[in-house]
Structure formats: structure tokens, C-alpha cells
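So the chains spell out like this:
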Amino acid sequence: MSTIFVTGGAGFIGSALVRLLLAETGHVVVNIDKLTYAGNLESLDDCAGDPRHVFSHTDICDRAALDALFARHRPVGVIHLAAESHVDRSIHAAGDFVQTNVVGTFTLLEAARAYWTGLPPGERETFRFHHVSTDEVFGSLGATGLFSESTAYDPRSPYSASKASSDHLVRAWHHTYGLPTLVTNCSNNYGPRQFPEKLIPLMILNALAGKPLPIYGKGENVRDWLYVDDHARALRTVFERGQVGATYCIGGNSERTNIQVVDALCGILDRLRPRPAGRYGQLKTFVADRPGHDLRYAIDAGKIGRELGWRPQESFESGLEKTVQWYLAHQDWVGHVQTGEYRHWLETNYGERK
Ligand code: NAD
Ligand code: DAU
């Protein structure tokens, strides 16, 4: 059994990836996570008893801890998702984003390089460092056009600038040191276990609580939505078969304005959980726009389709229905996030500690 490091595996996408790797591969997964407000061990409840899941409560900025993990577990590769991920937070507290996304990625790259340099030749060749990034590094599109692997970088928020910096570091470590890297840039994810600061879970939970549904500006901004398990499958595909040094864009081919997303959610809730006070759409409220709000993101995912055969399995409609059903059926997870109880690990001794 070989070992993979997943950073940020207690987060939304990371926990989906950990679940997929445990279910569909024989790897041991060492899950390296600092457990910020976005890290939730309850998102990994179904992996907790699996002996192939090793949780390490570690900050990716801690070089000594990372060195010890590489020495102890001797992984065949790293899939790096740990990050500060929310654009609105980055506008208010950019320092955390620079620290984790830039300094943390640099620290992880250096620890991985030191470990990789000491590997025997065969293992050096097969080692992979897969950096998980975002389509936001490409900036904002007008009404037409798509981002692709050849689109120039033009990040415009503190979050996207920090992710762009980390992408550049990863590519530099490949070109300069030969570290076998992969970069993926993905569009907006949605699905179960997403922290309710992001559009879709925020709208579901506000609607169920009868609270206003805050739509920034005119709600005309467009995102390309991808179901989280489709992203996890794409990450596994790229990690296993991607060309060293290459970048792959990942997207759902599901462009929607924010208004369309909220209307679709309200329609599903009207059907599944009718509201005596009236239709959920009545809760829509237009609020001040996000500063520097990018107008439109859309991905050309042709390369990963042609070269690696990956395509999304979920349509936006089927994925959204599953997502709403998951939040309705998992009031424990939701309640613990809302009360803060999901941070119960503070009093327990979960998994491996450094
Ligand atoms: P998330 O915020 O849900 O989870 C991030 C995880 O990283 C959390 O578990 C957190 O505890 C951990 N973390 C944060 N700082 C850390 C540190 N210093 N050391 C160790 N762990 C730390 O994020 P997500 O939405 O799951 O995104 C995961 C990755 O995918 C990020 O790199 C993000 O930029 C990228 N991405 C996200 C989306 C999206 O739509 N959510 C789309 C494309 C790319
Ligand atoms: O494109 C990929 C990116 O998608 C990821 O890299 C980020 O980690 C992820 O957070 C996401 O960024 P966005 O800013 O697009 O996602 P968010 O859910 O915050 O917002 C989606 C859209 O909805 C955006 O146009 C802003 C709008 N919005 C968001 C919130 C939270 C609202 O109108 N109201 C809201 O309350």
C-alpha cells in the first residue's frame, strides 16, 4: 500500500477527495489540515474508523512538522488543497490568505523538494506534487469567451492573487528544480459539506430559516458550477495520469447567473420543503455588491476531456437536487456548524498529532 498526502482534507473539496481515495484506491491517505474555521472533522465521520485514513493536525506553514511527516510516511505524492478559500474573507483579512496560500504553499514545496531529492531514482520519477487551484486566477470574462490552460493570469481579488502566486511558485519549482508537479484550475464547486459562507449553502440555510437571501449587486454575475464529487474524480485522474509539468482546467460546463442559481434552489425547496409563509423566492434581497466582483467565469475543459477522458457525471440540475437533499437530511452537520460545536475536536484527541 502506498501513501498519498492530501492537504486541506477536512475542508469541503478535500473531504470529498479523501472519501473517494479511500473508497476507490488502496492508498493510505495522510490528511494534513490545520482545522481552521473551514476544517470540519464531522465531514470525515465516515472515514474516521478507516485504518487507511491518518489525520494529522498540522499547519502547512510549519516546515519542521512537514519534514517529520514526509520522513515518517514516505508518500508517493501530495495533492495540495489546503488554503483560505473565501473571496469575501480575503477582502477583509488578506493576511491569512498570503500566509497560508503563498507562504504555506512555498513551505510545502520546499519540504516536498527536500524529501523528493532524497528518493531513489525510480521513486523520484513517479513522485507527484499536485497543486489544486482555481479559475479565478484568470480574472474576469465579458459576455463571451472561455478560460483555458493558455489564458493569461489576471487575478483581481486578494484570494485569487494569493492563489495565482502559489500557482507560479509550483510551476517555478518544476522548471527550476525538476519537481514533478501538476496544476489544476477549477471552476466553482458545490455539493454536500460546503461551509455555509459560500453562495449555495448560504442560500439553502437562510431560506430554511426564513431569512433574506442576499444577492450581491444585480445578481447577473456568472459562475460555471461543478459538483464536488466530479472535481474529486478529476483530481484523481490528473494525479494518476496527468503529464508532469502540465496544467489542466476543470469545469462543469454549467454557466448560471447568481439569480438563476438562487431561483433554481428556491424551486427545489418549494417542492421538497414547502413554506407556509409563501414561496422561497420572496426572500430574495439585493444587497451591496462585492468590491471588485468578477463578472463571469467559464472554463473550457476540453483538454482534460481529450487527454485524460474526464467528464462531469452530474448535471447542474441533478447535482443541485442532491445538494439540497443532503442539507435537508444532515441537520446535525448543519446545526453543529451553526453553533460552533463542529469544533469539538478542540477538546478531543482526534487522530495523529505532531
Ligand atoms: P475549504 O475552505 O472548504 O477548506 C480548506 C481546508 O484547508 C480546511 O480544512 C482548512 O482547515 C485547511 N487549511 C487552511 N489553512 C491551512 C493551513 N495553513 N494548513 C493546513 N490546512 C489548512 O476550501 P475548499 O472549497 O474545499 O477548497 C479547497 C481547495 O480548492 C483550495 O485550494 C481552493 O483554492 C481550491 N478551489 C476551490 C473551489 C471551490 O469552489 N470551493 C474551486 C476551485 C479551486
Ligand atoms: O471559481 C472558483 C472559486 O469559486 C473558488 O476558487 C473559491 O474558493 C470559491 O469560494 C468560489 O468563489 P466565488 O467567489 O465565486 O464563490 P461564492 O460562493 O463566494 O460566490 C459565488 C457568487 O455568488 C459570486 O458571484 C458572489 C455571489 N454571492 C455570494 C455570496 C456568499 C452573492 O450574491 N451573495 C452571497 O451571499
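Each chain has its residues counted from 1, following the order in which its sequence is written. Starting at A for chains and at 1 for ligands, labels are handed out in the order in which the entities are written. Local features are withheld for residues below a pLDDT of 70 in this predicted model, meaning they are given only at 70 or higher, and side-chain atom pairs are given and counted only at 80 or more; totals for whole chains, interfaces and linings count all residues. Neither water nor hydrogens contribute to the side-chain values; these are computed over all heavy atoms in the structure.

S.K.: Looking at this structure, I do not really get the site of ligand 1. What am I missing?
M.R.: We call a residue near a molecule or strand whenever a single non-hydrogen atom of that residue lies within 4 Å of it. The environment of ligand 1 is formed by 28 residues, the closest being Ile 13, Asp 33, Ser 85, Tyr 159 and Lys 163. In protein, a polar contact means a hydrogen-donor-capable atom and an acceptor-capable atom, both N or O and within 3.5 Å, with residues adjacent in sequence counting only if both atoms are side-chain atoms; elsewhere, any N or O pair within 3.5 Å suffices. One of the backbone nitrogen or oxygen atoms of Lys 34 is found 3.0 Å away from a nitrogen atom of ligand 1. Computed by Shrake-Rupley with a 1.4 Å probe, the accessible areas treat only the displayed protein chains as cover when residues are assessed. Taken by itself ligand 1 offers 840 Å² of open surface, and the protein chains cover 97% of this. Think of it this way: any DSSP run of H or I at least four residues long counts as a helix, any run of E at least two long counts as a strand, and we number them from the N terminus. Broken down by secondary-structure element, the contributors of at least two residues to the shell around ligand 1 are helix 1 (12–24), strand 5 (128–134), helix 6 (158–177) and strand 7 (188–190).

S.K.: Teacher, can you tell me more about the site of ligand 2 here?
M.R.: Near ligand 2 lie 23 residues; those nearest to it are Ser 85, Asp 135, Tyr 159, Arg 290 and His 293. Take Ser 85: an N or O atom from its main chain is 2.7 Å from an oxygen atom of ligand 2. The separation between an oxygen atom of ligand 2 and a polar side-chain atom of Glu 136 is 2.8 Å. When ligand 2 sits alone it has 690 Å² of accessible area, and the protein chains cover 94% of it. Counting only elements with at least two residues in the shell around ligand 2, the list comes to helix 7 (199–208) and strand 8 (213–216). With three residues, strand 8 is the largest single contributor of residues to the shell around ligand 2.

S.K.: Just checking my understanding: could you explain the pattern of salt bridges for this structure?
M.R.: Close approach of charged atoms allows side chains with opposite charge to pair. Any carboxyl oxygen of Asp or Glu that lies within 4 Å of a side-chain nitrogen of Lys or Arg is treated as forming a salt bridge with it. Scanning the entire structure with this criterion turns up 17 salt bridges. For Arg 19, the salt bridge identified is with Asp 46, shortest N-O distance 3.1 Å. Residue Arg 19 is found in helix 1, and its partner Asp 46 is found in the loop between strand 2 (28–33) and strand 3 (53–57); the two are separated by 27 residues along the sequence. Relative accessibility under 20% of the residue-type maximum defines a buried residue, over 50% an exposed one, and the middle range a partly exposed one, all with a 1.4 Å probe and only protein chains included. A relative accessible area of 18% places Arg 19 in the buried class. Given the relative accessible area of 51%, Asp 46 is considered exposed. Members of the salt-bridge network, linked through shared partners, are Glu 24, Arg 236 and Glu 240.

S.K.: Hey, could you run me through helix 8 (residues 228–241) in this one?
M.R.: Residues lying three or four places apart along an α-helix face the same way, a consequence of the helix completing one turn every 3.6 residues. Take the residue count of a helix, subtract one, and multiply by 1.5 Å to get its expected span. With 14 residues, helix 8 should cover 20 Å at 1.5 Å per step; its first-to-last C-alpha distance of 20 Å lies within 8% of that length. Listed in full, the buried residues belonging to helix 8 are Val 228, Asp 230, His 231, Ala 232, Ala 234, Leu 235, Thr 237, Val 238 and Phe 239.

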